[in-house]
Amino acid sequence: MQNRPDPVSAWQAALGRLQLEIPQEQFNTFLRPCFGLRWEDDCLVVGAATTFAVSWLELPLHLEMVREAVAKTTGAQSSVRYLAVPASDHNPTPQREVSVYSVVAEPATRLPDLTNPDGGQSQREAAAAWQGRQSNQAVGLNPRYTFDNFVVGESNQLAYHAARAVNAGERGATPGYNPLLLYAGSGMGKTHLLHAIGNVARQQSVSLRYVTSEQFTNEFVSAINRRAMPEFRERYRSVDLLLLDDVQFLVGKEQTQEALFHTFNDLHQAGAQIVLTSDRPPETITPLEDRLRSRFQWGLVADIRPPSLETRLAMLHSWASDSGSEVPPPMLDLIAQRVSRNVRQLLGAFNRVVASSQLLSAPLTAESVAAQLDAIVGPDARAEVTPQQALGKVARHYGLSTEQILGRNRTAAVALARQVTMYLLVSELNMTPTGAGRFLAGRNHSTVIHGVARVRQGMESDSRLKHAVLAITETLND
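Counting from 1, residues in each chain are numbered in the order their sequence is written. Owing to the predicted nature of the model, reporting of local features is limited to residues with pLDDT of at least 70; listing and counting of side-chain atom pairs is limited to 80 or more, with chain, interface and lining totals taken over all residues. Values reported for side chains reflect all heavy atoms of the structure, with hydrogen atoms and water molecules removed beforehand.

*Asks:* If you had to explain the packing of aromatic side chains to someone new, which residues and values would you point to?
*Replies:* Only Phe, Tyr and Trp rings are paired, with Trp represented by its six-membered ring, and only when their centres lie within 6.5 Å; those with planes under 30 degrees apart are stacked, over 60 edge-to-face, the remainder tilted. Under the counting rule described, the total for this entry stands at nine aromatic pairs. Between F232 and Y236 the ring centres are 5.0 Å apart and the planes differ by 45 degrees, which places this aromatic pair in the tilted class. Of this pair, F232 and Y236 both sit in helix 9 (residues 229-237), four residues apart, which is roughly one turn of the helix. Neither residue differs from the other here; F232 and Y236 are each classed as buried. Judged by centre distance (6.4 Å) and plane angle (55 degrees), the ring pair of F264 and F296 falls under tilted. Residue F264 is found in helix 10 (residues 254-269), and its partner F296 is found in helix 11 (residues 290-296); the two are separated by 32 residues along the sequence. A 1.4 Å probe rolled over the protein chains alone gives each residue an accessible area, and that area as a share of the maximum for its type sets the label: buried under 20%, exposed over 50%, partly exposed in between. Judged by relative accessible area, F264 falls into the buried class, the value being 2%. Taken together, the aromatic side chains of F216, F220, F232 and Y236 make up a single cluster linked through ring pairs. Ring-over charges, as used throughout, are those where CZ of Arg or NZ of Lys falls within 6 Å of the ring centre and within 35 degrees of the ring normal. The ring of Y236 carries R209 above its face, with NZ or CZ at 5.0 Å from the centroid. Put simply, DSSP marks the helices as runs of H or I at least four residues long and the strands as runs of E at least two long, and each gets a number from the N terminus on.

Put into structure tokens, the structure is as follows:
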């Protein structure tokens, strides 16, 4: 083992770099409490305050950022292993190891020295040995991304079922849609599905390669510099499954596009499966070469849309169950209502709410959850919604006119819609009961208070009312 700084100093130096790259609140909550414990060969063992903190730290983006920071600090590639060890238990050899998560450190761009292979090996033997080491590692796949923990809803069911149909098996067999291109905005789950495909393939002993477009570019450039293009072609064209993430980043890289074009043709003609992801439909990825863009459309192009309210609720309940976190359903409802942009932001909000409760030993209340969400989506996210707009949303949902709700009709359907409007005006638009009553054709503030209470109580026992209110709430910013 080469000389390295002591683990405490190495971690502190890495924190200095990470503090400039990670949002301050996340850094203070999850990374700052960590401490360097020891070196185990080329692995830096780091203590974290809780198992929940470890689960956040092992997310792929955070893992890669930490690995790079440690590598820059020590001057050599290193892996990182997290232990959930409370700071009060900190000692050089902790006796209690609650959870262990590892990061594979060797970067995709680190190619073998094919010009002077060790031990007199031939170039082919060196390449085969290097590829064997890669296959024994995690090949960049996150084992936590599986089909089992992917929550399916209307917004993603086509992409999900297409991904399940892939796992082609042997080269030359009739695969699923080939190529399969999954596109969605950031944080919608396309990379989750890509990793899930790869994890199933690994269980089936299918030869595969997972790579981001940036890694593909870096390996291609490195192969040119090393005059090792035959090994580069062999590495990519000998697999039965190629998983390529974020193809939109190939724009402007003409030589890399040329390499991918020929790789694509060879794999497709040999019956190997190709799965791609992008943040937009292939026809809009310009100035990507037309011949490459057209090949992306040969098979199936499936999009993933922002999750509906019901899907977001299902995701939150699934995460709460998987993590063993006891989050009251009303708090999950609140998160689902406030956070609707994408799955990544939703998970971040969930993690923040749970972490704040665990780390501060504070119970989860509507006020505390709202305060945490304000830091993510901004305070009073619906401040610009007018009472007239809220009234219109309720009327549209119940198939009534705004005049009926404002009028004196007391039929059950109209009365319910009127009370839901009162609830939204007070709870979502932060109007006073007096102001809401004045807007609703001069009704008394006590009538509004009664209506709001009826809706709140009803949502606890009537699932239909609860989902109606949540569905209307979701549309307030549309």
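*Asks:* Talk me through the sheet that holds strand 7 (residues 241-245); I want residue IDs and the actual numbers.
*Replies:* Sheet strands line up and pair through hydrogen bonds in the backbone, either parallel or antiparallel. Sheet architecture is open: five strands sit in the order 6-7-8-5-9, paired in parallel fashion. With one partner strand each, in any of the chains shown, strand 6 (208-212) and strand 9 (300-303) form the two edges of the open sheet. Strand after strand, the sheet turns through a mean of 15 degrees between neighbouring axes, direction not considered. Here four bridges tie strand 7 to strand 8 (residues 273-278), and the two strands are oriented parallel to one another. Each residue of the ladder has a partner; that of L244, found in strand 8, is L276. Only heavy atoms matter for contacts: two residues are in contact if any of them lie within 4.5 Å across the pair. Axis lines are fitted to C-alpha atoms, over the contacting stretch for helices. Their N-to-C directions set the angle, which ranges from 0 to 180 degrees. Sitting on the sheet, helix 6 (residues 157-164) touches strand 5 (180-183) and strand 9, and the angle it makes with strand 9 is about 135 degrees. Helix-sheet contacts for helix 7 (residues 190-203) involve strand 5, strand 6, strand 7 and strand 8, and the interaxial angle to strand 7 is about 160 degrees. Whether two strands pair depends on DSSP finding at least two bridges between them.

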